[in-house]
Amino acid sequence: MAQCKQSSPEFIQNVFSPMVAVLCSEDAEQMSRKNNLTFVELVQPFCRLTTEAHIRDPGNFAHTVQKLRITVKDMNMTNYQPTLAKRLLNEAVSSALPPCIETGKANVVTIGDYDLQLSSSTPWFDAYRDCFLEVAAPSNHEFLKHFLASVFVVSSSHTDPIEEFTKLSQQQHQQQHQLPSKPPKWFCPNTFKYYVLLHDVVEGEEEKAEAVYQSMKSVYGPNACHLLQINSRSVHTVSTISSDVPGALPDPWSQFISKETQPNDAGEADSAVQNDDSFPSHVTEGQNCDNHSNSLVAVETANEAMEIAEADDKMTSSILDHPLADSPAVPTNNSDDDMCSDSETETTEGTASHSNDTMANGSNGRQHGWCLTVSDHDRLRIFIHEFLVRGLIPWAERMIRTLNDQVTSRRGVGKSLFKKWFGGNKPSEKPTNNTTVVYTSEAPEMQMRRLADLAFMFQLYEIAYQTYHTLKRDFNNDHAWLAYAGALEMASLSVFMQGSQTQRQYPHHYIDSAITTYLNTCRSHQFATRATLLSTEALKSKVMYAEAAQQFIKMTSEDSDLRSALFLEQAAHCFINMKVPMVRKYAFHMILAGHRFSKSGQRRHALRSYSQSLHIFKGKDWTLAEDHINFTVGRQSFNIKQLDNASSALRHLLCRESQQTTSQQSAFLKEYLFVYKQHLQQSATLTSLPQLPLPLINSNDTKTWLGRVDQRGENLQAVAVNSFDDDSPSAAWQQLEELLVRNANSGILPASYKPSVQCFSSKTLNSGSPMAIAGECVTVEVSLANPLKIPVVLTDMALIWNFFPGLFSDDKNQDDTPKAVTNEQLNTAKNTVARALIETGVIQEVILEPLETKKVHLNLVPLQTGELHITGVGYSLGSRSPNQLTTEQRPSFASSITVHGKQNLEVQGPRLNTTKEEKCSKMYGPDRRLDLQVVPEMPLLEVEFHGFPQTLACGEVQQTTIQVRNTGCDPLHRLTVAATQWDFFSFGHCDLPPDSSSPYQVIPDQTDPLEPERVQQPRGYSPVAEVPIPGSSLESGASVTVPMWIRGPTSTDTHHIDFMFYYESVSKNPPLSYRVLRHRVTLKTCNSVSVRAVAQPQVDKQNTKTSESLTVTMEVENMNKTQDSTITEVSVLQVSCASQQWILQHLSTQRNVDIKVSSQESVFLCFKATRCQDCLKESGEGSIKFSNVTFDQHQISSSTPPCSDFHFKSLQQSHTDRQNIQQIDPQTSPQELKNNNQSSLSLIVFWKGYQVDETGCSCAIVGQHHIHMNSFGVPVTSPPVPKIRMELSPVVFIRDSNSAPNQITNEASKSQLVRYCLVHSPQMEHDFHKSRLCFVSVKLVLHNCSLEDVECEVTTRPEVTRVDVSSVSDLSATDKPKSQTFTWSGLVLTRVRIPIGQTRTVPATACFCSAGVYNLCNFQVSAALHEGATVDRMFTVQQQTSPSIITIYEAS
C-alpha cells in the first residue's frame, strides 16, 4: 500500500496549497539560468514555511498556521493538453517501479498458509497520484487551484526596474481582466501582488540595488517588495569546482525537474532466471526505472530533497527495448486516463519522452544551483518567509474578512428555504448531465465558495466547514450538482483536517456521496478521482480499510484502464491490511489489477500483479485460475522479451493434467512453440512479394490527386491544400477557370482548352495520362475492406511502382528503351536506387476492424522525369486480438507471423458502347489514372491569407494581406485571381501601411471643404483582378505580401466565396500552359446600417424644364437589435457624391457635427446637390467628380482606392441589374435612358461603428454603402429591401351572445376555475409560557379565472363532506383537528360566489400551540359553475397552490 512520507493531514494540506503565479523579466530569468534553473524552479525546494505563523479569523481570534506550503508556477504556463496529461501519467507509473520489486525481491509475509511477497510501498501509485494532482486543470466551480498572488521579478541590472515592474503588472492585469477565459485562472479580481528585485551578488551593483529597493518600498510598500540576493559564486569559480569536492552542496532541485529517459536498444533476454520452481519470484525486465523512481514524489523541504538526491545517485538502471508485437491477451489501453476522453493512447513503456521548458541537467555539465551558496539558500528561505508572513497571510486575512462581510450582508436568514419555496423554474428532480446551474463569478454562492476555499487553504478549517455546510444546502436546492459535490467533498475534508480539535465524527458519507455525484450526475471522472485519492488517505489514517477499499473499487470503470488498475491494486492492499486479512480477495483484485495494467500498456506492472497473485493460487488445486495466470505471465514475459521466463510460464500449462478444452490446449501449445522458435522466425527472409488475400481492394474506387492532401480537417489558411472531395468537376470552378483563361488570351477561349483536373477518379475522363510535376507530391487514395469478423492489422504500407526514367530529358543519345526501376525488390542496393528516383511515403500501421471499410492515403514524390506506373500496394499483414476494443491503438502482439506482400491495383475504364461489336460484348476503354507522366519542374504557387476575418458587418471594409509564395523551381508571371463575388475584394495600391487603423486614406482637417476631385471613370471593371506583384513575376522561392481590401456583402447570410488563382511559367514551352490554385472561404455577415435616399428636383421659375439643384433626403438606420446588438452605435463620417455633373453640399447638416445612430434608431439628413455647368465641357462624358460632405474632423479621400474601387464595382453591378430590367421591360425609350444617365448620381455613405465581440471587447469598424439614383423622386435603398410576402390576417371566431354558454367538460379546465393564495405575515414571535395558543390572522384571496360566475367552496377540514352544508352552516372549532401541529379557528366550511374576473377574500384564523415552521396550505378549495339555485352542484377540487410558510418563534 502507498505509504506517503507525510501524514494524511499534511498530504491533504499540500494538495490544496495556495497557488502563486510568477512573472519574470528576461534579465531575471538570465540571472537564474546561471544555475541551470528558471526562477520558478529556483524557489521550488524552499516553498514551505519552516516556522509557525498566525492568522486571525473574522471574529478577530488568532489561529496558528503550521507548515504552510505554497505552489509556485509560471504565469505563462498553460494547462496540460489531454494527450500530454495522459502520457505523463503513463510515464509516471511505468518509470516508478524499483528493481527490487521488479525482480520479485519483495518482503515475504506469512499469513496463514500463504507466503506472500508484499512490498511496503507502492511508489508507482505515489507517482500517479502526484502527477494526477499536478496535471489536473482548474475548474470554475471551485477556487482551490486559482492563483491568489502574483510575484513580479526584475533584475537589479535592469536599466529601469520600476518601469519593468509596471510593465509586468500591466501584463498580468491584461491577462486577468481582458482574457478571463484563458489560463491561468485567478482567485479574485484584486489578487495580491509582490515585487522582487533579484540581485547578483558577484556581478551586480549593491548600491544601485539598494537604491532601487528603497524606491520600491516607497512605491509598493515595505510589505509588498523584497530584495533577493543570489549567485554568491561566480561562473568562473563554478567551472573550477568538481562535484566531488568535499563541502559541495547536494542538488535539491532534481526532484522538481522532470528527467528524460535515455533509450537503450540492449535486450533483456539474458536476464531471465533459469529456476522454474521460483519463476514468479524472478521475473525481471530491464526497464530504466531507477532514475525515475522518485521523480514525481512530492518533496517538501530542501533538506529532504537533498537526501533523496543523494540516494538516487546510488541506483543503477537498464533500458527495456519496447516490443512492437501485439498480443491477444494484452490489448492496448482504450483510455488510460480520466484526464483525456480521446481513444488514442501512447504506450510509454520505458521510453518517456516528455520534455519541459526547463534546461536539461546535463546540457552544460553543471549541477543545478552551483552558483548558490548556503547563504543564498538561507536568503531564499527568508524570501519565502517574508512573502508569506508579511504579505500573503495578511492579505488572506483581509480577504477572508471582506468576503465574510459580503456574504453576511447578502445572505440573509432563510435563504435556502426561500429558494426552495419561491425559486420558480428549477431543474428536474432526476438530474441528468445537463441539469446543473452555472453561477456567475460574483454570485453570492461563488463568494461563499471563495471564502470557504481561502479559509481551507490557510488552515481555518472550522470557518471552512461552516461555509461548505451552508453551501451544500444551497447548491442542493439549486440542483447545481457539480458545485454541490465539491461542497460535500470539502466539508468532509474540513472536519478531517480539524483532527482532535473538533468533536464531530469524520463524515465519510459526505465525500462518498460527492464521489457518486461526480460519477453518475456530473460525469466528471477527474474530480471523482481526486476525491477518492483524498478520501482514501483519510480513511486509511483512521484504519477504515474496508471503506477505503469500497471507494477504490467504485472508481474502476472502462474510461481509464490505468486508473482502474492502480485503484484495484490499492483495494487489494486494503484487504490484506485489515485486522483479519482477506487473502483471497487480495489475490482476486490483484488479478483484476493486472488485467487492467495489461490493457493500459503497463506490461511490467501487469507481470508483477499476476506474479504476486500466483503465490496464492499455486498448488491449491485451483487449476483454471492457475492456468490463466501462467498463460498471462508467459504472454507478458514474451512482450518484454524475457523469452526464457515466457517459456517457463507457458511450460506449466503443458506439464500437468489440465481441465482446459481441446481448442484452448491447442492455443497454449501454439503459444509455447511460437515463443520457443521466435529466433528462427525472425531470421527468415522473403525473396519476392507474394500476393495477399486480405484486405479486399476495390481498384475502381482508387483516386489519384496531383498534390498533397491535408487530412486534418482544419480550415487552413494555405490555399494549396485540398481534399479528395473535389473529384467531381464543379460548374462554379469551371466558370472561374474559363473566365481566367479568356482574360489571359484577350477574351478568346483557345480551341485546345480543357478544364484542369487535379483529382482523377472513376467520375473523370481518364483516357490520357495525368501529368505529374517533378518534385511535387502525388497522393493515391485506396479503399480497403475487411470481409472478416476479426481485426486485421496492416503495417508498413506503401505504393508499389515501376518507373521509366529519361522522359523529357535533354540528352538525345539516351537509349530508346529505358530500363524500369521498381521498389518491389527487397535488395538493399536496388532499393537505394529506387529511393533516389522516387520518395515513397510509408504508413506505419492501419487497423481494419471487423467488416470495416477504410480509405487510406498513400503518397510519393517523383524526383526525375519519366513514366511512372503505380502497380499496387505493399504491406505487412497480421491479425489482432479481438479483446482490443478501440481502432486507434497500436497492437502490442501479433497472433501470427506477419507476412510482407502486395496487392495489384488494376483499374477498369468505362465500358465502350459505340460500335456493334462493343455493344454485343463487354469492352472497356483505357483508364490511365495510375499511369503518370512526370514532366520537368514548374512554378508552384502557394497563397496564404493573413488577418482574414470570419465575420463581417454588411458593407464593412477591412484591410487584409495575402502572402504569395513560389515554392516551385521556375519563376511565374501573369498572376491573376477571380472570385465568385468579384466585388468582394480589391487590391488597390500599397500606399497604406499594413498596420493602419483605417482602410481609407484620410486627408487632414481643413478649414474650408476641399474642391471636388475629378476621376476618369473606368470603362468597365473586369471580374478578373491582377495580383500586383513587383516586376510582374515571382522568382523561385520568393514570396510577396500584397495588401487586399475586402467589403462585406450587403445581405446577412453565410457566404461561400471561391477564389481561383491563375499563373503561368516564365520559361518557354512549359509542359503546362498555365496552372490554377483554388481556395474557398466561408464568411458570415451581420447587420450594420440601412440607407434610404431620394432626390427631388428644385424647379426654377424661369426654366421649368431643367433643374439646376436637387434636394437629397437620406435616412440612415442602425439595423442592429437592442437585445442582441453586435454594433452598439454607428456614426456617419462622410457622405460623398460621385456624378458627372452634380456636386453635393450641406443643407440641414453642419461640418464637424458628430452624427450617431443607436440600435434600431434612424437619422434623417438633407443635402443640396447643384449642377456643375462646366463639368462636361472640361472632361467629357467619362469624367466623374467626387464631392464630399464630411461630419468628422478628417475627410476621407473617396476618389482613391479602395473606396473608388468598391464604388465603381457597385456601380457596374447596378448597371448590369438595370440592363436586365431593360430586357424585361422593353417599353423604356433610349432617350429616357440617356436622360436618366445624365441626371444620375451616386452617394457613398461612410460610417463607423463599435463592435462588441464574444469576450466583451469593443473595436472600431468602418464601412461604406452605395446609393445609385437614376431617376428623380424614386427612393433607393442600400441594401435593397426584399419584398415581404403578404399574409392573410388570422381568422377570429366570435361567440354569439345569444348562444348557450360553453360547457366545460375538460377535467383539467374544471380544476383551474379559481386561483387562490394566502396573505399573512411570514413570521411571528409569541411567548408560549404566557399564552399557550398563538393566533394568526390569514386572508384567503380567491380569483375567478373562468368566463362564467363560479360558486366556490372552502373547507379547512377536508373530512367534512359537502352533504354537511345542508344541515350545518357553521361548525365550531372545538372539534378535534386532523393535524396535531396547528388548527383553524372559526369557520371551517363556507361558500362564496365570485363573478367573472372578480376577486373575493375569505378571512380565517390559524391557531398554533408551539414554535416551528408550518405550511398553511392544508385546506381544500372546490369550485363549480354557478347555475341558478341548484343545490347539488358537481364541485371540483382546484389545483393546489404553492406552499405558504409561516415561522413561529419563541419569544426570548
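Residues numbered from 1 in each chain as written. Predicted model: local features only at pLDDT ≥ 70, side-chain atom pairs only at ≥ 80, totals over all residues. Heavy atoms only, no water.

Asks: What is the right way to read a negative patch on the surface from this model?
Replies: Together, Glu205, Glu206, Glu207 and Glu210 make up a region of like negative charge exposed at the surface. Structurally, Glu206 can be placed in helix α8 (residues 206-220). Using a relative accessible area of 53% as the deciding quantity, one classes Glu206 as exposed. (Patch = residues over 30% accessible without salt bridge, like charges linked within 9 Å, V, L, I, M, F, W, Y side chains within 5 Å. Areas by Shrake-Rupley, 256 points an atom, 1.4 Å probe, with all protein chains shown as cover. Salt bridge = Lys/Arg side-chain N within 4 Å of Asp/Glu carboxyl O. Lys, Arg positive; Asp, Glu negative; His and termini not counted. Charge placed at Lys NZ, Arg CZ, Asp CG, Glu CD. Helix = DSSP H or I, 4+ residues; strand = E, 2+ residues; numbered from the N terminus. Buried < 20%, exposed > 50% of the residue type's maximum accessible area, 1.4 Å probe, protein only.)

Asks: Could you clarify how one ought to interpret the pairing of strand β56 (residues 1445-1450) in this entry?
Replies: When a strand is regular, its side chains alternate between the sheet's two faces. Summarising the sheet, strand β47 (residues 1323-1326) and β56 pair through 4 bridges and their orientation is parallel. Along β56, the bridge assignment pairs His1326 with Glu1450. In the sheet, strand β53 (residues 1412-1415) pairs with β56 via 4 bridges, with the strands oriented antiparallel. When the sheet's bridge partners are listed, Val1413 is paired in β56 with Thr1447. (Pairing = 2+ DSSP bridges.)

Asks: Could you clarify how one ought to interpret the sheet that holds strand β46 (residues 1314-1319) in this entry?
Replies: Strand order in the open sheet formed by 4 strands is β46-β48-β52-β50, with antiparallel pairing between adjacent strands. Each of the sheet's edge strands pairs with one partner strand only, and the pair in question is β46 and β50 (1382-1385). Adjacent strand axes in the sheet meet at a mean angle of 35° when their direction is disregarded. (Axes fitted to C-alpha atoms, helices over the stretch in contact; angles between N-to-C directions.)

Asks: Mind showing me how you'd approach the packing of aromatic side chains here?
Replies: We describe a pair of aromatic rings using the distance from one ring centre to the other and the angle between the two ring planes. In the structure shown here, the tally under the stated rule is 38 aromatic pairs. Here the aromatic rings of Trp481 and Tyr484 are separated by 6.1 Å at their centres, their planes lie at 85°, and the arrangement is edge-to-face. Residue Trp481 and its partner Tyr484 are located together in helix α15 (residues 481-498), separated by 3 residues, close to a single helical turn. The exposure classification of Trp481 matches that of Tyr484, with both residues buried. Geometrically, the ring pair formed by Phe985 and Phe987 is edge-to-face, given 5.6 Å between the ring centres and 75° between the ring planes. The buried category is assigned to Phe985, whose relative accessible area is 1%. (Phe/Tyr/Trp six-rings, centres within 6.5 Å; stacked < 30°, edge-to-face > 60°.)

Asks: Which parts of the structure should I look at to understand the packing of α15 against helix α16 (residues 508-521)?
Replies: Pairs of packed helices are described in terms of their axes, by the angle between the two and the distance that separates them. Look at α15 against α16: their axes get within 8 Å of each other, and the N-to-C directions meet at 155°. Taken as axis vectors, α15 and α16 run roughly antiparallel relative to one another. You can see that α15 and α16 cross each other, and the crossing is left-handed. Where α15 abuts α16, its residues Trp481, Leu482, Tyr484, Ala485, Gly486, Leu488, Glu489, Ala491, Ser492 and Leu493 lie against His508, Tyr510, Ile511, Ser513, Ala514, Thr517, Tyr518 and Thr521. A breakdown of the residues in the contact of α15 with α16 according to their chemical character gives 11 nonpolar, 6 polar and 1 charged. (Parallel < 35°, antiparallel > 145°, perpendicular 65-115°, else oblique. Left-handed = near helix turned anticlockwise from the far one by under 90°. Contact = heavy atoms within 4.5 Å. Nonpolar A, V, L, I, M, F, W, Y, C, P; charged D, E, K, R; others polar.)

Asks: Please explain the pattern of salt bridges as it appears in this structure.
Replies: Within the structure shown, the criterion is met by 38 salt bridges. Across the pair Arg381 and Asp378 runs a salt bridge, and its minimum N-O distance is 3.0 Å. Residue Arg381 and its partner Asp378 are located together in helix α11 (residues 374-411), separated by 3 residues, close to a single helical turn. When its relative accessible area of 35% is taken as the criterion, Asp378 is described as partly exposed. Where Lys599 meets Glu558, a salt bridge forms, and the shortest distance between an N and an O atom there is 3.4 Å. Highlighted residues: Lys599 in helix α20 (residues 583-599) and Glu558 in the loop between α18 (545-554) and α19 (561-576), separated in sequence by 41 residues. Connected through salt bridges with shared partners, the residues Glu142, Arg449, Asp453, Glu489 and Arg530 form a single ionic network.

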